[in-house]
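Analysis of the macromolecular model
Spelled out from the first residue to the last, the chains are:
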Amino acid sequence: MPSLLIKNADVLVTMDGARREIAGGCLLVRDGVIASVGPEVPADEVLDATGCVVTPGLVNTHHHLYQSLTRVVPGGQDALLFGWLQTLYPIWARMGPEHMKVSAQIGLAELALSGCTLSSDHLYLYPNGVQLEDTIEAAQSLGMRFHPTRGSMSIGESAGGLPPDSLVEREADILEDSIRLIDRWHDASEGSMLRIGLAPCSPFSVSRELMRDSALLARDKGVMLHTHLAENDEDIAYSLEKFGCRPGEYARELGWVGEDVWHAHCVKLDVSEIDLFAATGTGVAHCPCSNCRLGSGIAPVRQMRDAGVKVGLGVDGSASNDAGDLISEARQMMLLQRVQNGADAFSAREALEVATLGGASVLGRPDLGALVVGKRADIAVWDMRGLANAGAWDMVAALVLCGPQRVRELYVEGRAVVREGRIARLDMPVLAERARALAAGLASSA
């Protein structure tokens, strides 16, 4: 693999222990790893980053990639969480393997263009022959680092759950497929391009037994756990009615806290739950745009970070966000925390830290999230010479406050995923046309 030198960056944002920002910085990549930071050294390939800010690749900690084909669906645009799900479940039940793969390619390409090098995904429905491999193939086709989770739903409407019976699975089948996927695909090594997690969808769509059994299996296999938790007031009310406790206590009872667990949303965590997550090393995937879109509220991110909770960013699915722009999520998080806590409560640099180091920590990736010698070469290059930044004085803060929202170059493991603002490995106009045709087919049968 040829060595790569990125040189002359206006600012190189290292996210190292001292949070150094190096003017005129250079970065050498060798065999997928950062080999030097700071001085200019010889290399096989050279990228001139004059006029650019260079950052670690952003990390997306929560997504439902299959939803990219069901954006702005009528009937769900103005609904709260439960009503929104009930509108969309029948549409998702008609999806098949091609829908899943194309939707994932679209979603991952969006993320890459917004600076993301590693994404998790939560696929919890498997109609019509769908397998997790459909999304794995999508990530591999782009060259993205990927952490898909084998989601599941097992409690349908007839048993008091939210999803239709046609979309739930037998719990024995879920666990069997989970074992198959881990044994086939999970790579725990440093620099891994693919790790598997286990992710029962939510406390209102799986049984207590499946939550507990999934935790036991995950720990036996050494993989991480993920689910939705405390997303909105409906979620809290369901937990109190069905389980007699708040979501955080329910998670603790079932073994769903610890360094190997991260929960999505957590909009309604109270002080005791925040303290529990901090004490146990439990992570949170914060999804500000989706939380706004569904009217769920503003997550207590300032309080969580102050308490020591690991927090990363998530775009959530495109049916509840309608976009997959991770740098915009950083801006939205910062603005919402200022609305809630004051203009000095959250800086642009802290938002960028959450989007990089924060996400890497949540997903258990100490090998990622910073431009430091020995870390993997996941790098975003942002051209700051456009209209969005004209007049900006502080280019690092401008990246969050002004833009751009698209990278010039993106590298994963030292390999180009985005070149000159375009996805390197896929014909995006052709893919977008296929996505439109598949979405039209779903709409026509709705």
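Details of the structure are given in the entry above.
What you see is a predicted model, and the numbers here were worked out from it, not measured in a lab.

**Section: the packing of helix H4 (residues 171-185) against helix H5 (residues 208-221)**
The geometry of H4 relative to H5 is characterised by a closest axis approach of 11 Å and an angle of 20° between their N-to-C directions. Looking at the two axes, H4 sits roughly parallel to H5. In this structure, H4 crosses over H5, and the sense of that crossing is right-handed. In this structure, H4 contributes Glu-171, Ile-174, Leu-175, Ser-178, Ile-179, Ile-182 and Asp-183 to the contact, and H5 contributes Glu-209, Leu-210, Asp-213, Ser-214, Leu-217 and Lys-221.

**Quick notes on helix H12 (residues 348-362)**
For H12, with 15 residues, the first-to-last C-alpha span of 20 Å sits near the 21 Å given by 1.5 Å per residue. In H12, a bend of some 35° at Val-354 exceeds every other bend along the element. Burial in H12 covers these residues: Ala-348, Glu-350, Ala-351, Leu-352, Val-354, Ala-355, Thr-356, Gly-358, Gly-359, Ala-360 and Val-362. At the C-terminal side of H12, Gly-364 shows a positive phi close to 70°.

**Quick notes on the pattern of salt bridges**
All told, the structure shown has 34 salt bridges when counted by the stated rule. Residue Arg-305 pairs with Glu-353 through a salt bridge whose shortest N-O separation is 3.3 Å. A residue pair is termed long-range when its members are at least 10 positions apart, and Arg-305 in helix H10 (residues 301-307) and Glu-353 in helix H12 qualify at 48 residues. Close ionic contact of Arg-436 with Glu-433 constitutes a salt bridge, the shortest N to O distance being 3.0 Å. One end of the pair, Arg-436, and the other, Glu-433, are both in helix H14 (residues 428-444), three residues apart, so they sit about a helical turn from each other.

**Structural notes on empty space enclosed by the protein**
If you walk through the whole model with that rule in mind, you get two cavities of 30 Å³ or more. In this structure, the largest cavity occupies an estimated 120 Å³ of space. Looking at the largest cavity, it is lined by 16 residues, and the ones nearest its centre are Leu-81, Trp-84, Leu-85, His-228 and Glu-231. When residues in the lining of the largest cavity are grouped by element, the largest group, four residues, is from helix H1 (residues 81-92). Residues of the lining of the largest cavity, tallied by class, amount to eight nonpolar, six polar and two charged. The space that makes up the second largest cavity amounts to roughly 30 Å³.

**Details of the packing of aromatic side chains**
Tallied over the full model, the rule gives eight aromatic pairs. Judged by centre distance (5.9 Å) and plane angle (80°), the ring pair of Tyr-89 and Trp-92 falls under edge-to-face. Here Trp-92 and Tyr-89 lie together in helix H1, a separation of three residues that amounts to about one turn. Each member of the pair, Tyr-89 as well as Trp-92, carries the same accessibility label: buried. With a centroid separation of 3.9 Å and an interplanar angle of 10°, the aromatic rings of Phe-243 and Tyr-250 are classed as stacked. A network of ring pairs unites the aromatic residues Tyr-66, Trp-84, Tyr-89, Trp-92 and Tyr-124 as a single cluster. Of note, Arg-150 hangs over the ring of Tyr-126, and the distance from its end group to the ring centre comes to 4.1 Å. One Lys or Arg, Arg-184, reaches over the ring of Trp-185 and ends 3.9 Å from the middle of that ring.

**Focus: the nonpolar core**
The nonpolar side chains of a soluble globular protein tend to be buried, and buried together. Formed by 120 residues in total, the largest nonpolar core has its most connected members in Trp-84, Leu-85, Trp-92, Leu-108, Tyr-124, Phe-277 and Met-304. With nine residues, helix H2 (residues 97-113) is the single largest residue contributor to this core. Aside from chain neighbours lying at most four places away, what touches Tyr-124 is His-64, Tyr-66, Gln-67, Leu-85, Tyr-89, Trp-92, Gly-151, Ser-152, Met-153, Cys-201 and His-228. Formed by 19 residues, the second largest nonpolar core is a distinct cluster that contains Leu-27, Leu-47, Ile-379 and Tyr-411.

**So, the pairing of strand E12 (residues 283-286)**
Of the two faces of E12, both are covered, the one formed by Gly-283 and Ala-285 as well as the one formed by Val-284 and His-286. Here strand E11 (residues 261-265) pairs with E12 via three bridges, running parallel. Each bridged residue has a counterpart across the sheet, and for Trp-262 the counterpart in E12 is Gly-283. Note on the crossover from E11 through helix H8 (residues 271-280) to E12: the handedness is right-handed. One ladder, built from four bridges, connects E12 with strand E13 (residues 310-313); its direction is parallel. Counterpart to Val-284 in the pairing with E13 is Val-311.

**A look at the state of the cysteines**
In the structure shown here, the tally under the stated rule is zero disulfides. The thiol of Cys-201 is unpaired, and the distance to the nearest cysteine sulfur, on Cys-287, comes to 13 Å. Its relative accessible area of 5% is what places Cys-201 among the buried residues. Considering cysteine sulfurs only, Cys-289 is the nearest to Cys-292, which forms no disulfide, with 6.4 Å between them.

The rules behind each value
- Residues numbered from 1 in each chain as written.
- Predicted model: local features only at pLDDT ≥ 70, side-chain atom pairs only at ≥ 80, totals over all residues.
- Heavy atoms only, no water.
- Axes fitted to C-alpha atoms, helices over the stretch in contact; angles between N-to-C directions.
- Helix = DSSP H or I, 4+ residues; strand = E, 2+ residues; numbered from the N terminus.
- Parallel < 35°, antiparallel > 145°, perpendicular 65-115°, else oblique.
- Left-handed = near helix turned anticlockwise from the far one by under 90°.
- Contact = heavy atoms within 4.5 Å.
- Expected span 1.5 Å × (residues − 1).
- Bend = angle between axes of the 7 residues up to and from the residue.
- Buried < 20%, exposed > 50% of the residue type's maximum accessible area, 1.4 Å probe, protein only.
- Salt bridge = Lys/Arg side-chain N within 4 Å of Asp/Glu carboxyl O.
- 1 Å grid on protein atoms, 1.4 Å probe; cavity = no way out; pocket = protein on both sides within 12 Å on 5 of 7 lines; lining within 4 Å.
- Points joined across faces, edges and corners; volume = space filled by probe spheres on them.
- Nonpolar A, V, L, I, M, F, W, Y, C, P; charged D, E, K, R; others polar.
- Phe/Tyr/Trp six-rings, centres within 6.5 Å; stacked < 30°, edge-to-face > 60°.
- Lys NZ or Arg CZ within 6 Å of the ring centre and 35° of its normal.
- Core = buried A, V, L, I, M, F, W, Y, C linked by side-chain atoms within 4.5 Å.
- Pairing = 2+ DSSP bridges.
- Right-handed = clockwise from strand over helix to strand, strands pointing away.
- Disulfide = S-S within 2.5 Å.

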